[in-house]
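# Fold and geometry: a report
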2 protein chains.
Amino acid sequence: MEHYYALIMAGGGGTRLWPLSRGTTPKQFLPLVEDDSMFRVSITRLAPLFTPDRIYVVAGERYLEALRKDAPEIPEANFILEPSARDSAPAAALGAAVIAKRDPKATIAILTADHHISDKPGFRNALATAYELAQSGTIVTLGIKPDHPATGFGYIRRGELLQQINGLGCYKSLGFTEKPDKNRAEQFLASGEYSWNSGMFIWTAETALREYARQQPTMHDHIRTIQAAVDTTTYPQMLAANWEKIDKISIDYAVMEHAERMAVIPVDFGWNDVGSWEALYGVLAQDPQGNITKGSLPQRIDIDSRNTLVFGDKLVVTIGVEDLIVVQTDDAVLICHKSRSQDVKKVVEQLKEQRKSEYL
Amino acid sequence: MEHYYALIMAGGGGTRLWPLSRGTTPKQFLPLVEDDSMFRVSITRLAPLFTPDRIYVVAGERYLEALRKDAPEIPEANFILEPSARDSAPAAALGAAVIAKRDPKATIAILTADHHISDKPGFRNALATAYELAQSGTIVTLGIKPDHPATGFGYIRRGELLQQINGLGCYKSLGFTEKPDKNRAEQFLASGEYSWNSGMFIWTAETALREYARQQPTMHDHIRTIQAAVDTTTYPQMLAANWEKIDKISIDYAVMEHAERMAVIPVDFGWNDVGSWEALYGVLAQDPQGNITKGSLPQRIDIDSRNTLVFGDKLVVTIGVEDLIVVQTDDAVLICHKSRSQDVKKVVEQLKEQRKSEYL
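The notes below deal with the structure included here.

In this section: the overall build of chain A. When you go through chain A residue by residue, the secondary structure sums to 11 helices and 17 strands. A compact globule built from 360 residues would reach a C-alpha radius of gyration of about 21 Å, and chain A, at 21 Å, matches this within 12%. Summarising the internal contacts of chain A: among those between residues at least 6 apart in sequence, 67% fall at separations of at least 24. Here chain A displays about 15,100 Å² of accessible surface, and carbon together with sulfur accounts for 47% of that area. Averaging the positions of the 39 positive and the 46 negative side-chain charges in chain A gives two centres separated by 2 Å.

This brings us to the nonpolar core. Residues Leu127, Leu142 and Phe269 of chain B are the most contacted members of the largest nonpolar core, which totals 49 residues. If you tally residues by element for this core, the top one is helix 4 (residues 120-134) of chain B, at 7 residues. Listed in part, the 48 residues of the second largest apolar core include Ala130, Leu168, Cys170 and Trp196 of chain A.

What follows deals with the interface of chain A and chain B. Each side of the interface is counted separately: chain A has 33 residues, and chain B has 33 residues. Buried area between chain A and chain B, summed over both chains or domains, comes out near 2,800 Å², and the portion from carbon and sulfur atoms is 65%. A salt bridge links arginine 340 of chain B to aspartate 304 of chain A; the nearest nitrogen and oxygen atoms lie 2.6 Å apart. Taken together, the connections running from chain A to chain B amount to 20 residue pairs in polar contact (both at pLDDT 80 or more). For the side of chain A that touches chain B, the elements supplying multiple residues, two or more each, are strand 13 (299-303), strand 15 (315-319), strand 16 (324-328), strand 17 (332-337) and helix 11 (344-353) of chain A. It is strand 17 of chain A that provides the largest number of residues to the side of chain A that touches chain B, a total of 6 residues. A per-class count over the side of chain A that touches chain B returns 19 nonpolar, 6 polar and 8 charged. Relative to strand 17 (residues 332-337) of chain B, strand 15 of chain A runs parallel, the two being bridged by 5 bridges. For valine 317 of chain A, the partnering residue across the bridge sits in strand 17 of chain B and is leucine 334 of chain B.

The transform that puts chain A on chain B rotates by 180° and translates by 0.0 Å along the axis, for an RMSD of 0.1 Å. What the superposition gives is, in effect, a two-fold axis relating one chain to the other. Most of the interface of chain A is mirrored in chain B, where 100% of its interface residues again form contacts.

A sheet is described by the order of its strands in space; here 6 strands give the open sequence 13(A)-15(A)-17(B)-16(B)-14(B)-12(B), paired in mixed fashion. Since the sheet does not close on itself, it has two edges, and those belong to strand 13 of chain A together with strand 12 (292-294) of chain B, each with one partner. Sheet twist, expressed as the mean angle between neighbouring strand axes with direction ignored, is 10°. Strands in contact with helix 11 (residues 344-353) of chain B are strand 13 and strand 15 of chain A together with strand 17 of chain B; relative to strand 13 of chain A, the strand with the most contacts, it is inclined by about 135°.

Attention shifts here to the pairing of strand 7 (residues 155-165) of chain B. Residue and element names in this part refer to chain B. In terms of strand pairing, strand 7 meets strand 9 (residues 194-204) through 3 bridges, oriented antiparallel. For isoleucine 156, the partnering residue across the bridge sits in strand 9 and is serine 195. Here strand 7 runs beside strand 8 (residues 168-177); their pairing, made up of 7 bridges, is antiparallel. For isoleucine 165, the partnering residue across the bridge sits in strand 8 and is leucine 168.

The 6 strands lie next to each other as 12(A)-14(A)-16(A)-17(A)-15(B)-13(B), forming an open sheet whose pairing is mixed. In this open sheet, the two edge strands, each paired with only one partner strand, are strand 12 (292-294) of chain A together with strand 13 (299-303) of chain B. This sheet shows a mean twist of 10° between the axes of neighbouring strands, independent of strand direction. Pairing geometry for strand 14 (residues 309-311) of chain A and strand 16 of chain A, over 3 bridges, is parallel. Looking across to strand 16 of chain A, one finds that valine 310 of chain A is bridged to valine 326 of chain A. Helix-sheet contacts for helix 11 of chain A involve strand 17 of chain A together with strand 13 and strand 15 (315-319) of chain B, and the interaxial angle to strand 13 of chain B is about 135°.

Another point: the pattern of salt bridges. Residues and elements named next belong to chain A. Within this structure, the stated rule accounts for 32 salt bridges over all chains. Here arginine 68 ties to glutamate 76 by a salt bridge, and the two come within 3.2 Å at their closest N and O atoms. The partly exposed category is assigned to arginine 68, whose relative accessible area is 29%. By relative accessible area, which is 51% here, glutamate 76 ends up exposed.

Once that is clear, we can look at helix 3 (residues 88-102) of chain A. The first and last C-alpha atoms of helix 3 of chain A sit 21 Å apart over 15 residues, in line with the 21 Å expected at 1.5 Å per residue. In terms of residue burial, helix 3 of chain A counts as a mostly covered element, since 13 of its 15 residues are buried.

Residue and element names in this part refer to chain A. Tracing the backbone shows threonine 15 in the loop between strand 1 (4-9) and helix 1 (38-44). For threonine 15 and isoleucine 251, which are 236 residues apart along the polypeptide, the C-alpha to C-alpha distance reads 21 Å. Setting aside anything within four residues of it in sequence, one finds threonine 15 in contact with Ser21, Val344, Lys345 and Val348.

Time to look at the packing of helix 3 of chain A against helix 6 (residues 205-215) of chain A. All names here are of chain A. Running from amino to carboxyl end, helix 3 crosses helix 6 at an angle of 135°, the nearest separation of the two axes being 10 Å. As the angle between them shows, helix 3 and helix 6 are arranged oblique. Considering how the two elements wind past one another, helix 3 and helix 6 form a crossing that is left-handed. Every residue of helix 6 that contacts helix 3 at Ala89, Ala92, Ala93, Ala96 and Ala100 is listed here: Ala205, Ala208, Leu209 and Tyr212. For the contact of helix 3 with helix 6, the per-class residue count stands at 9 nonpolar, no polar and no charged.

Attention now goes to the environment of valine 33 of chain B. All names here are of chain B. Its location among the elements puts valine 33 in the loop between strand 1 (4-9) and helix 1 (38-44). Look at valine 33 and you get buried, because its relative accessible area is 13%. As a C-alpha pair, valine 33 and glycine 320 span 287 residues in sequence and 26 Å in three-dimensional space. Here valine 33 is in contact with Met38, His116, Val274, Leu280, Val283, Leu284 and Lys294, once residues within four sequence places are set aside.

Definitions and cut-offs
Residues numbered from 1 in each chain as written. Chains lettered and ligands numbered in written order. Predicted model: local features only at pLDDT ≥ 70, side-chain atom pairs only at ≥ 80, totals over all residues. Heavy atoms only, no water. Helix = DSSP H or I, 4+ residues; strand = E, 2+ residues; numbered from the N terminus. Rg over C-alpha atoms; globule rule 2.2 N^0.38 Å. Contact = heavy atoms within 4.5 Å. Areas by Shrake-Rupley, 256 points an atom, 1.4 Å probe, with all protein chains shown as cover. Lys, Arg positive; Asp, Glu negative; His and termini not counted. Charge placed at Lys NZ, Arg CZ, Asp CG, Glu CD. Core = buried A, V, L, I, M, F, W, Y, C linked by side-chain atoms within 4.5 Å. Buried < 20%, exposed > 50% of the residue type's maximum accessible area, 1.4 Å probe, protein only. Buried area = accessible area lost by both parts, 1.4 Å probe. Salt bridge = Lys/Arg side-chain N within 4 Å of Asp/Glu carboxyl O. Polar contact = N/O pair within 3.5 Å; in protein donor to acceptor, adjacent residues only side chain to side chain. Nonpolar A, V, L, I, M, F, W, Y, C, P; charged D, E, K, R; others polar. Pairing = 2+ DSSP bridges. Least-squares fit on C-alpha atoms with pLDDT ≥ 70 in both. Axes fitted to C-alpha atoms, helices over the stretch in contact; angles between N-to-C directions. Expected span 1.5 Å × (residues − 1). Parallel < 35°, antiparallel > 145°, perpendicular 65-115°, else oblique. Left-handed = near helix turned anticlockwise from the far one by under 90°.

Below is the structure:
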C-alpha cells in the first residue's frame, strides 16, 4: 500500500488505572497486557503493514524520551510534539499537516497507543481494507462489534453496504452518538446496527485537511501556517506561536460528527480499550479460580480467593476474597471491588483537590 | 503489697499478625492498639501496683535490645534471658528461681506482653486480689469472662466460692480444658461455669518451685542448679549448660493442669489477646461505617467501604469493599476476608516451607 502512514496518538492520560498510571508514566507506557508497554505493542503490531519510517507518533513534549526509548526504530523526525495538550482534533490535524508536507499523496490511519487488540492479523486486514476505501475520499472509521450495552463508548450507526473488501463489509455511516444511557445502549445493541467508536480513523491527508478547512477554518489556518514551516528552522517558533491559539477540542466533535462521506467497517478483532481495571481483568488470562496475577515482579500467595486481579511487584497475599482488584505500587495500594473500578477516577480527583501531587 | 513481683513473659512470636509481626519484630513490639508497643503498655499498666524494680521480663536473648529500649526504667538485672526457646514452663520456672534467689518471700504474677486490657484499674484490682489469695499457697489464675464460644482458648471450670476479695469472687478451680470444639465451647458458655484461660497466674515463688519439684522434678533440678549461680560470675555458664537439657513444654501442660490448690478469679476487664487481625478489629475504634485505619503513617482514601481494617504506612485506597483486613508493609500486602484471619498462619507456614525467610 503506497503512501500509507500510521499516526499514533500517544498523548493520553488514563486516570482510571491509578495507582499504576501516573502523570509521568501514563497507561501507554505500562506493560498492562503483554510484556511490552501498550505503546510498544501498538507499534510492533503494525508490522509488516507499516515500515518504521511510515509510523508517526504525536504526543506531548514531556513524553518524547519515553516514546523514543520504547520505539527506537522510528525516525526522530516522525515524533510530532504538541507544545501543550489541545485534545485530539489539533493533534490529528498537525499530524496530517506534517505528513502531507512530506508526502502529499499520504493516506493516514489515526490509531491509538493504549488499546489492546488480540487478533493482530485481523487488525491489519481491517487497516488494509480501510486504505482501499479511503482512496475515494471517504473517511473510514473502524467500528468495534459491541458485546455488551456499554455506556462508556460512543456509537456509530451503519447504513447501506457500500462494498465488500478483504472479507469485510464497508458501510455508509449514519453518524455518531455520544456515550448513551443504559436504555439507549441496550437498544443500540439489540438493533445490530451500531458499532463502538474505537477512535481509529483512516483518511487521505487531502481529505483530512479539506474537512478541517470546511468545519474548523480557524484551526485549519493555524495548522497550515505551521505546515509551511515543517522541516525548516522556523518550525519550533511557528508551532509555538500558532498552537496556543488553537481551541481544545476532540476530533469526534470537531470533525467526525459532521463529516461528509463517512464509512464504517464493523470489526471484531478482539479490541479492548483497557479503560479500567475491570476491563484489564477481562483481557488477561485467568487461572481456574478466575484469579489473575500480573506486574513487573509479582509474587502472590492465595488461599481460597476467586475472580481477583492482583497487580504489583511485591508479595501480595489474598485470603478468602472475591471480585477484587488489588494494585500495589511503591507508594500506594488500591483495593477495589471489581464492579466499582470506574470510581478509581474519583480517587484521582480527590488527590488533585487535596493537592497530593506526589500520588498523581 | 509486700514482695509482689510481675514476671512478664515476652518471648512469644505471633504469626497470625503477619505481615506486620515478624521474627525480629513480633507482636509484643508493635503499637497495635495504643500508641506504644504492646510490651510497653504491658509495663505501664502495672503502675502503681509494681515499681520498676519489681517488674521482671523473661524473653529470648535476641529481644533484649528491643525490650530495654521499650522499658528503660526496668533494671537490667530484671531481664531474664532464655538461651533458646523452651516454651512457657521453663521460662516461668527460671523467672521464679531468679526472683526467689533475690527475695525468697516473693509472690509472682505471671503476665503476658502482647494482650490488650481496656479496664486497667480493674486489671490491677484483680492482681491485688490474686496476691491476697496466693499468700495461702494457692495458685491463682485470672479467668476471662467469655463473650462467645471461642475454640481458640483453653477453658477453666470454677467450683465452690472460696472468698470474696475486693469485690471479686474467688473460686476453687475444677480444672483446665484444652481448646474445645465448637459444640463443647457452646456448652461451656451456656453453663456459666467456665472462664477462658488468660495465661495469667499468680503464685508465691515457694508454691511455684514446690509444684515444679512435684510435677517436673528433672526440670526443677536444672532450674535449682541455675538458681544457685544467679548473681554470680558462673551464671551464664550454668544457665547455658542446664537450659539445653530442659524439655520444651507449656506451663499449662507441665504444671497447671495437675496443680494442687488451684483457684480461679473470673474477671471482665476488657481483655483481648489480639490473636488475629479480626481480634484487633474488635478492639479498635471504628468510624460510623465500621472502618478502621491504623498504622505508623496511615493515609487512606475510601469510597463506600464498610467494616474494614486498614493497617499501613502508605496510601491505601479502598473502593466498595466490605469485611476486609488490609495490611501493607514495606515488602508485602495482605488482603484477607475478616472471617478468614485465622488462615494468616497458613501463609506463614507456606513461606517457611518455601524458605522465604525474608518475609518471616
